[in-house]
Amino acid sequence: MNLYVWCVIIGGCIVTILPRVLPITVLSKIKLNKKIEEFLTYIPISILAALIAVELLTVNDKISIEGNSLELIAVIPTVLIALKKNNLLLTVIVGILSIAILRFLF
């Protein structure tokens, strides 16, 4: 490999790590207000919900629920398990199994 490829790989690593490490190191040294800390706890679930909603409600870059009917059906047992058990691994397993079964049947 030449120098250019190594520079791109190392640059990509730096650009990927900096936005993840820098906020954690800065915020770990600062005492935040309780309301701000509580607000920050909701950010990961908000991002995850947005990513899931986009996958469920778009077909060919347009908002539609017609093309994702199997995924919308698979969400029902997944959400029920997530709310009842509060176990991420079990939720992921139920989601994968439910979409696999639905795709096999239909």
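Residues numbered from 1 in each chain as written. Predicted model: local features only at pLDDT ≥ 70, side-chain atom pairs only at ≥ 80, totals over all residues. Heavy atoms only, no water.

**Some points on unusual backbone geometry**
Moving on, step 1. Positive phi, normally seen in glycine, also occurs at Asn60, with a value near 55°.
Moving on, step 2. For Asn60, the position within the fold is in the loop between β1 (58–59) and β2 (62–63).
Moving on, step 3. The phi torsion at Asn86 lies on the positive side, around 55°, for a residue other than glycine.
Moving on, step 4. Mapped onto the fold, Asn86 is located in the loop between α4 (69–85) and α5 (88–105). (Helix = DSSP H or I, 4+ residues; strand = E, 2+ residues; numbered from the N terminus.)

**Quick word on the UniProt feature "transmembrane region" (unreviewed entry) in the protein chain**
Moving on, step 1. Feature annotation in UniProt places "transmembrane region" (unreviewed entry) on residues 6–27, 39–59 and 88–105, given in this structure's numbering.
Moving on, step 2. The annotated region residues 39–59 carries 86% helix and 10% strand content, and the separation between its end C-alpha atoms amounts to 32 Å.
Moving on, step 3. With 100% helix and 0% strand, residues 88–105 has its two end C-alpha atoms placed 26 Å apart. (UniProt positions renumbered as here; feature names shortened; annotations may be inferred.)

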